[in-house]
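# Summary of the model geometry
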Amino acid sequence: MSTFVSRISGWAQRNMPKREELEHVRFVGPFARRPELWRFTRRSVPRGVAVGLLIGIFALIPGIQIVGAALMCVPSRGNIPLAALMTFLSNPVTTPLILIASAWIGNGLGYHADLETLYALMDRRASLGEWSTWFFSDAAPAVLIGLFTISTVAAAIGYLVSSFTWNWWVRHKRKVALERIREARGEG
């Protein structure tokens, strides 16, 4: 597992644009010059995770997600790289599941989306045009309310989990460093 993680990490470091490169881009430069948006701190990490999940699940439009998450990180002072990374939670594999769950939740909250039509479209492998027609006529209110609910809950859970994980990790690193200092002094 660690080789997989190290390979993904290496790929991301090679292919993601660096802050210094983005400083010279006309529209992105003013944001890239704000270092607090790129640092990994106890406040910026949970904010970046929450913003990335909120925008990544609610928007569901590739390309718009990363730009939207980056723009949302500016007023919330979230970590832009983490927000961009979290938008990849919604991908071609998870998007149909997110849409079905949002339609189901929207129905549960009182909005009407004909789920029988949804299942029929899935069974006959309907075209994109048929999906669009169903979505924009019958299911839009339920799906939008469901997407809003799912994205808000996911952002809140992501914020809490990343905050607790970040704090635990920092405490663990400090504890290990303190033990090394004690061992070096011969105290322990």
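First, a word on scope: everything that follows refers to the structure included in this document. (Residues numbered from 1 in each chain as written. Predicted model: local features only at pLDDT ≥ 70, side-chain atom pairs only at ≥ 80, totals over all residues. Heavy atoms only, no water.)

### Considering the packing of helix α7 (residues 95-108) against helix α9 (residues 128-185)
Relative orientation of the contacting elements α7 and α9 amounts to 105 degrees, with a least axis distance of 7 Å. It follows from the interaxial angle that α7 and α9 lie roughly perpendicular. The segment α7 lies against α9, with Ile98, Leu99, Ala101, Ser102, Ala103, Ile105, Gly106 and Asn107 engaging Ala142, Val143, Gly146, Leu147, Thr149 and Ile150. Looking at the contact of α7 with α9, its residues break down into nine nonpolar, five polar and no charged. (Axes fitted to C-alpha atoms, helices over the stretch in contact; angles between N-to-C directions. Helix = DSSP H or I, 4+ residues; strand = E, 2+ residues; numbered from the N terminus. Parallel < 35°, antiparallel > 145°, perpendicular 65-115°, else oblique. Contact = heavy atoms within 4.5 Å. Nonpolar A, V, L, I, M, F, W, Y, C, P; charged D, E, K, R; others polar.)

### Focus: a positive patch on the surface
Taken together, Arg42, Arg43, Arg77 and Arg174 make up a surface patch of like positive charges. Along the chain, Arg42 falls in the loop between α3 (29-32) and α4 (44-59). When its relative accessible area of 51% is taken as the criterion, Arg42 is described as exposed. (Patch = residues over 30% accessible without salt bridge, like charges linked within 9 Å, V, L, I, M, F, W, Y side chains within 5 Å. Areas by Shrake-Rupley, 256 points an atom, 1.4 Å probe, with all protein chains shown as cover. Salt bridge = Lys/Arg side-chain N within 4 Å of Asp/Glu carboxyl O. Lys, Arg positive; Asp, Glu negative; His and termini not counted. Charge placed at Lys NZ, Arg CZ, Asp CG, Glu CD. Buried < 20%, exposed > 50% of the residue type's maximum accessible area, 1.4 Å probe, protein only.)

### Topic: the environment of His112
Relative to the helices and strands, His112 is located in the loop between α7 and α8 (115-123). On the basis of relative accessible area, His112 is assigned to the exposed category, the value being 58%. A sequence separation of 31 residues divides His112 from Val143, and the C-alpha atoms of the two residues are 9.2 Å apart. Those residues within four positions of His112 in sequence are excluded, and the remaining contacts are Asn107, Asp138 and Ala142.

### Points about helix α5 (residues 64-76)
Compared with an ideal rise of 1.5 Å per residue, which puts 13 residues at 18 Å, α5 spans 18 Å between its outermost C-alpha atoms and is within 8% of the ideal. For α5, every residue scored as buried is listed here: Gln65, Ala69, Cys73 and Val74. Just downstream of α5 lies Arg77, where phi reads positive at about 55 degrees. (Expected span 1.5 Å × (residues − 1).)

### Brief notes about the pattern of salt bridges
This structure, assessed with the given rule, holds one salt bridge. Among the salt bridges present, the one from Glu130 reaches Arg124, with a minimum N-O distance of 3.0 Å.

### Quick word on the packing of aromatic side chains
Evaluated as defined, the whole model comprises two aromatic pairs. Each ring, one from Phe58 and one from Phe148, has its centre 6.5 Å from the other, and the planes form 85 degrees; the classification is edge-to-face. Placement of the pair is Phe58 in helix α4 and Phe148 in helix α9, with a sequence separation of 90 residues. Here Phe58 falls in the partly exposed class, since its relative accessible area comes to 36%. With relative accessibility at 49%, the residue Phe148 sits in the partly exposed group. The side chain of Lys173 reaches across the aromatic face of Trp169, ending 4.6 Å from its centre. (Phe/Tyr/Trp six-rings, centres within 6.5 Å; stacked < 30°, edge-to-face > 60°. Lys NZ or Arg CZ within 6 Å of the ring centre and 35° of its normal.)

Function-wise, these values are silent; they only describe arrangement.
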